[in-house]
Amino acid sequence: MYTARTFDLPELKGLSTKQIEVHLALYEGYVKHTNLILETIKKLRSEDAEKNAFVINELRRRLGFEFDGMRMHEYYFEQFEGGSTVASPEGTLRKLAGERYGSWEDFIGHIKEVAGTRGIGWVVVYFDVVAGALHTAFVNDHELGQLTGLPVVLAMDLWEHAYMVDYVPAEKKTYVEAFLENVNWTVVEARIKS
Ligand SMILES: [Fe+2]
């Protein structure tokens, strides 16, 4: 049903090829397991939906983890495609960041602050069409705490697998810096839809 995407990634600053390869392999695992859950539910329902109800229910609960794991990694790797760029000075992203956080620098500072949240998950910047404003949230695992219906603008993976080929856990802040240095902000800005 879903096919793992490939990404045209440049050489990254502070993130090795090995690190990215390991991470892409994990991404492919989420695609595989999303398909596996969907196929297994279908099979169990066709065999005996009533008898298999408990297992089907548990698989349905698990779908959000695998699906969001797949989709969040697609947002993540896409952001490196084309290489790092500076956010357009007159662009929507810089304007919204200024309105919400005071300045571009404050916006970046806020992302780093949220990245300091203990535990594994993601820092996600969303655009709320209703409020016409950015939101920055910490999402546990891949799915817990997502703000419903809001397009993802920036997705920063803060699972240890995202950086532990290159860094140790105490160096998470260095990884955050490396991540931000490699972002193609043009890709990020294009995700803002009104
Ligand atoms: Fe990841």
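See above for the structure.
The rules behind each value
- Residues numbered from 1 in each chain as written.
- Predicted model: local features only at pLDDT ≥ 70, side-chain atom pairs only at ≥ 80, totals over all residues.
- Heavy atoms only, no water.
- Helix = DSSP H or I, 4+ residues; strand = E, 2+ residues; numbered from the N terminus.
- Rg over C-alpha atoms; globule rule 2.2 N^0.38 Å.
- Buried < 20%, exposed > 50% of the residue type's maximum accessible area, 1.4 Å probe, protein only.
- Contact = heavy atoms within 4.5 Å.
- Areas by Shrake-Rupley, 256 points an atom, 1.4 Å probe, with all protein chains shown as cover.
- Lys, Arg positive; Asp, Glu negative; His and termini not counted.
- Charge placed at Lys NZ, Arg CZ, Asp CG, Glu CD.
- Donors = N, O, S within 2.8 Å, 3.2 Å for Na, K, Ca; no water.
- Tetrahedral: all angles 85-135°; square planar, octahedral: opposite > 155°, others 65-115°.
- Pairing = 2+ DSSP bridges.
- Axes fitted to C-alpha atoms, helices over the stretch in contact; angles between N-to-C directions.
- Core = buried A, V, L, I, M, F, W, Y, C linked by side-chain atoms within 4.5 Å.
- Salt bridge = Lys/Arg side-chain N within 4 Å of Asp/Glu carboxyl O.

A. Inspection of the overall build of the chain at higher detail. Counting its secondary structure elements, the chain contains six helices and three strands. Reading the chain from its N terminus to its C terminus gives the helix and strand order α-α-α-α-β-β-β-α-α. For the chain, whose C-alpha radius of gyration is 18 Å, the value lies close to the compact-globule estimate of 16 Å for 194 residues. The dimensions of the chain, computed from C-alpha atoms along their principal axes, are 60 × 40 × 30 Å. By the burial criterion, 44% of the 194 residues in the chain qualify as buried. Long-range pairs, those at least 24 residues apart, make up 70% of the contacts in the chain with a sequence separation of at least 6. Working note: accessible area of the chain is about 10300 Å², and carbon and sulfur atoms make up 53% of it. Side chains of the chain give 21 positive and 29 negative charges; the mean places of these two sets differ by 5 Å.

B. How the structure looks around the coordination of the iron ion. Listed as protein donors to the iron ion are His 23 (NE2), His 73 (NE2), Asp 157 (OD) and His 161 (NE2); their distances from the metal cover 1.8 to 2.1 Å. Between the four donor atoms coordinating the iron ion, the angles at the centre fall across 88 to 130 degrees, so the site counts as tetrahedral. Coordination of the iron ion draws on donor residues from a single chain, spaced H-x49-H-x83-D-x3-H in sequence. In this pair, His 23 sits in helix α1 (residues 17-48) while Asp 157 sits in strand β3 (residues 152-157), placing the two residues 134 residues apart along the sequence. One exposure class covers both His 23 and Asp 157, and it is buried.

C. Just the sheet that holds strand β2 (residues 133-140), in detail. One open sheet accounts for three strands, arranged β2-β1-β3; its pairing is antiparallel. Among the strands making up the open sheet, the edge pair consists of β2 and β3. Direction aside, the axes of adjacent strands within the sheet are offset by 15 degrees on average. In this structure, strand β1 (residues 121-128) lies alongside β3, joined through five bridges in antiparallel fashion. In the sheet register, Trp 122 faces β3, and the bridge partner there is Asp 157. Seen against the sheet, helix α2 (residues 53-78) touches β1 and β3 and runs at an angle of roughly 95 degrees to β3.

D. Looking closely at the nonpolar core. Membership of the largest hydrophobic core comes to 54 residues, with the highest contact counts inside it found for Phe 107, Tyr 175 and Trp 185. Among residues more than four places away in sequence, those in contact with Phe 107 are Ala 97, Tyr 101, Val 125, Leu 134 and Trp 185. By size, the runner-up hydrophobic cluster in this structure holds five residues, among which are Ile 37, Ile 41, Ile 56 and Leu 59.

E. Broad picture of the side chain of Asp 128. Considering the arrangement of structural elements, one finds Asp 128 in strand β1. Among buried charged residues, Asp 128 stands out as having no salt bridge; its nearest opposite-charge side chain is Arg 100, 7.7 Å away. When neighbours within four sequence positions are excluded, Asp 128 is seen to be in contact with Ala 133, His 135 and Leu 150.

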